[in-house]
Amino acid sequence: MTLLDIRDLTIRTADGRVLVDRLSLTVSPGERLGLIGESGSGKSLTTLAVLGLLPEGMTATGSVELAGTQIVEASEKQLNGVRGRDAAIVFQEPLTALDPLMRVGRQLAEPLRRRRGLRGTELKRAVTQALEQVRLPEPGRIARAFPHQISGGQRQRAALALALACEPKLLIADEPTTALDVSVQAEMLDLVDTLVREREMAVLFVSHDLAVVARITDRAVVMKDGRAVERGDVREIVRHPRQEYTKALVGSARRLESALDVRSAR
Amino acid sequence: MTGVQKTGQAPEETGRTPGTSSATPAKSVESAKQGARRSYTLIAGCVLAGLIVLLAAVSFVWLPYAPDDTSGTRLAAPGAGHLLGTDKLGRDLFTQLMTGSRIAVEAGLGSVLTAALIGVSLGVLSAFALGWLDDTLAAFLDILIAFPTLLLAMLIVAARSATLGSAVLAIGLAQSAVVARLVRILVKRVLAQDYITAARTSGTSWPRVVAGHVLPNIWPTLVVNLALQFGLAVLAEASLSYLGLGAPPPNASWGRMLQEAQATFTTAPAGALAPGVLLVLLVIGVNLIADGLRDTLDPTARRRRA
Amino acid sequence: MTRDESEDRATAAAPGTPTPEVAAAPPTPLLALGSTSLQYRGSAAPVVQDVSLAVEPGRSLALVGESGAGKTTLLRLLLGLTRPTSGTVRFDGDVLDPRDRGQMRRFRRTVQCVFQDPYSSLDPRRRVGGIVAEPLRSLGLDTRRTAAPKVAEALERVGLPADAAERYPHEFSGGQRQRIAIARATVCHPKVLLADEPVSALDVTTRVKVVDLLAELKHEQGLTLVMVSHDLSVVASLCERTAVLERGRVVEQGDTAQVLGDPAHPYTRRLIDSVPRLPA
């Protein structure tokens, strides 16, 4: 049984330009899949299509089945049933993911109240728990804060807490650490890794950074210009890339990294 | 919407990893198409406004009758002798319409030029101003915007006299505050761009930065706004003339024509309808031009090569 | 350079160079910060606190740190765009004085810069030729006509086609735009290139190419880089020296190999350990 089954997904703009071209991939329950690609590869659009969140004017054809629900051409009502419960998403920029005019705690309380039917003190405790789960210090203070009053790393943790609030079966992470500092990125990756393991969640992890993807996932799909050019075990892709593009990608990453090794070899 | 955070997220990654393959041919074809479609708006606007400008231009060299010729039958119906009939003093309506269009165009141009001159200078100045000067300028602009144009016009007329120039000065001053506020915001936005810092570190002086980078980059938005202000100025002048604060007789302003025809509207509607229709045509025309300019002046749509 | 040459040199070079050997006196730093601090009016803590750095010819310097470390403010100080609240910014041994027009002209010609965002650093309404020619024209080195061949040369040097000069920035990709910015910064043959995260906005494959280009310019044009970056691998590829910043202070500085290979400060160690690595 697969949790996410994408078959021949094609995404077009209003004027017929193809941005994602006959993409197929599957994610089983508890499995971690990486989606690697540079800008313009269509990887982010693919994640949006999984939740029926494509920008206006864009159309998807093919099949996206998420926990048994066909997402392509699903009604908004059907989609609302799926979002959050079956899959939730964390974006690159936490500042846009959180409502700037609402305190973090209230944003977190809303899905908890609706999905789990919690009220009053129980709800309050659940919010605190949710913030503690993502290892936020002083959950009480964070809950009372507005998004701009906490740091970028804390915001991304809050966004993660929001995504996890409804205990989704699939966590979609779209460049969740790209906007963060390296040391914050490392903590965030550890956190995602642990939380996903604890809850046996499946992950669709999107990034341009091979090393980051390899840190989280087992399998990966490499995308270029809307197409999947290579797929397989992440370690295998990094060690023995087969396609020209993947070779260039891995080569570039290796070149930069080797500079670090030569310097620090002393 | 629950665990899903739907926002104004761009379809592809933004910020940290902008594209290496951004300018795709298909995209440029699309915007070129859009540019062409939009320029119909511009053409339509130019035709409408051009009609009035043509009337105004012809009025300098030829008029059917002298503007103060009262020899016609009073309130004559439209016919052979008088194309649109005459007013209650026996003056030819079409003649008045022509001189009126001249006044309308002059009022629009004069006000907008005044507003542009004062507004852009003040706006650029206040964008650069710091501390108390910034506060003072901001307060001054706020007061000017809140000040009723009508009261301003009355004061100016009282200080000078009821002429077209007074009306234009009043309208131009009132509009300059709006323009200045817009320019201030636009300039501040441009000044925050890295290319301004790059220019500074290239040794470019502030005056050259303003002339070479700031003004060209605020120009499209500014021109569109000035075109809209032109339409507003024409309307404002008509209102002032209606109240007797505009160009004095024998110059027939559309506003005064409306006022004079008010009493006889039921018996001789042409006297009020004709200037009203022209007023609407001119304002619509100018607004269409503003709309069309908005898109043709966009640098990313213009001169794009696939 | 006149009478107090030796004295100036001594004071400017003293910070950050803990080897006071008399025999091999270090060359005059091109740029130097001496106990520089900057605090904005009304803010509680200084953005930059007691920073001493020296940029010596041929020894490219990386300023490493995370957001809020004061990297970009340091760069603005080194560019003469912000004045320090205390301490000095020296250029060629002399204190940088914005009112000294002659010195500023020399300074602008010697020190150029490249920004992080290749989209906001190029004026969208100017042709690439005009953009690249700006330093030449503004510094009064060239007229429009005499600038043209130099612009063509600079564009060629960064690997852009000859007809690029006639086009507008929006017709180019992010990597190409960064090349245009580099062409602008190198057209007047400066000695120092200050770069604020010059490749962090680019894709990995493009990033390597731009790093290569910068390395090439270093060797062929004798450029000294001063680079702000959070990406240690880029720093290691391009800079001989590294200074690590934490909350406005330099916590460690020295040869890049030394700093990255054998970090003395726990913060540096944490930064290095945080870099995600490819599976072996």
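Preceding this paragraph is the structure being described.
Since we're looking at a predicted model, the values are computed, not measured.

A.B. asks: What exactly am I supposed to notice about helix α5 (residues 144-157) of chain C here?
C.D. replies: One full turn of an α-helix is made of 3.6 residues, so residues set three or four places apart face in the same direction. Residues and elements named next belong to chain C. Compared with an ideal rise of 1.5 Å per residue, which puts 14 residues at 20 Å, α5 spans 20 Å between its outermost C-alpha atoms and is within 8% of the ideal. Those residues of α5 not exposed but buried are Ala 147, Val 151, Ala 154, Leu 155 and Arg 157. Contact partners of the buried residues in α5: α4 (128-138), α6 (174-186) and α7 (204-221). Following α5 by one or two positions, Gly 159 has its phi on the positive side, about 80 degrees.

A.B. asks: Even after reading the chapter, I still don't get the pairing of strand β8 (residues 224-229) of chain C, so can you show me in this structure?
C.D. replies: Every other side chain in a regular strand lies on the same face of the sheet, so the side chains alternate between the two faces. Residue and element names in this part refer to chain C. Counting buried positions over the six residues of β8 gives six, a clear majority of the element. Every second residue of β8 is oriented toward a common face, with Thr 224, Val 226 and Val 228 on one face and Leu 225, Met 227 and Ser 229 on the other, all of them buried. Looking at chain direction, strand β3 (residues 61-64) and β8 are connected through four bridges and run parallel. Across the sheet, residue Val 64 finds its bridge partner in β8, namely Ser 229. Note: strand β7 (residues 192-196) against β8, five bridges, orientation parallel. Considered in β8, the bridge of Ala 195 is made with Met 227. Note on the crossover from β7 through α7 to β8: the handedness is right-handed.

A.B. asks: Got a minute to help me understand the nonpolar core in this structure?
C.D. replies: Nonpolar side chains in soluble globular proteins tend to be buried together. Of all hydrophobic cores here, the largest spans 57 residues; its most connected members are Val 132, Leu 155, Ile 180, Ile 182, Leu 232 and Leu 238 of chain C. Broken down by element, the residue count for this core peaks at seven residues, all from α7 of chain C. If sequence neighbours within four positions are ignored, Ile 182 of chain C has contacts with Val 114, Val 158, Val 210, Leu 213, Leu 214 and Leu 217 of chain C. Of all hydrophobic cores here, the second largest spans 56 residues; its members include Ala 88, Leu 123 and Met 201 of chain A together with Leu 278 of chain C.

A.B. asks: Teacher, can you tell me more about the interface of chain B and chain C here?
C.D. replies: At the interface, 32 residues of chain B touch 39 residues of chain C. Counting every contact that joins chain B to chain C gives zero salt bridges. Counting across the chain B and chain C interface gives eleven residue pairs in polar contact (both at pLDDT 80 or more). For the side of chain B that touches chain C, the secondary-structure elements that each account for two or more residues are α6 (194-201) and α7 (206-242) of chain B. Looking at the side of chain B that touches chain C element by element, the count peaks at seven residues for α6 of chain B. Its residues placed into classes, the side of chain B that touches chain C shows nine nonpolar, 15 polar and eight charged.

What counts and what doesn't
- Residues numbered from 1 in each chain as written.
- Chains lettered and ligands numbered in written order.
- Predicted model: local features only at pLDDT ≥ 70, side-chain atom pairs only at ≥ 80, totals over all residues.
- Heavy atoms only, no water.
- Helix = DSSP H or I, 4+ residues; strand = E, 2+ residues; numbered from the N terminus.
- Expected span 1.5 Å × (residues − 1).
- Buried < 20%, exposed > 50% of the residue type's maximum accessible area, 1.4 Å probe, protein only.
- Contact = heavy atoms within 4.5 Å.
- Pairing = 2+ DSSP bridges.
- Right-handed = clockwise from strand over helix to strand, strands pointing away.
- Core = buried A, V, L, I, M, F, W, Y, C linked by side-chain atoms within 4.5 Å.
- Salt bridge = Lys/Arg side-chain N within 4 Å of Asp/Glu carboxyl O.
- Polar contact = N/O pair within 3.5 Å; in protein donor to acceptor, adjacent residues only side chain to side chain.
- Nonpolar A, V, L, I, M, F, W, Y, C, P; charged D, E, K, R; others polar.

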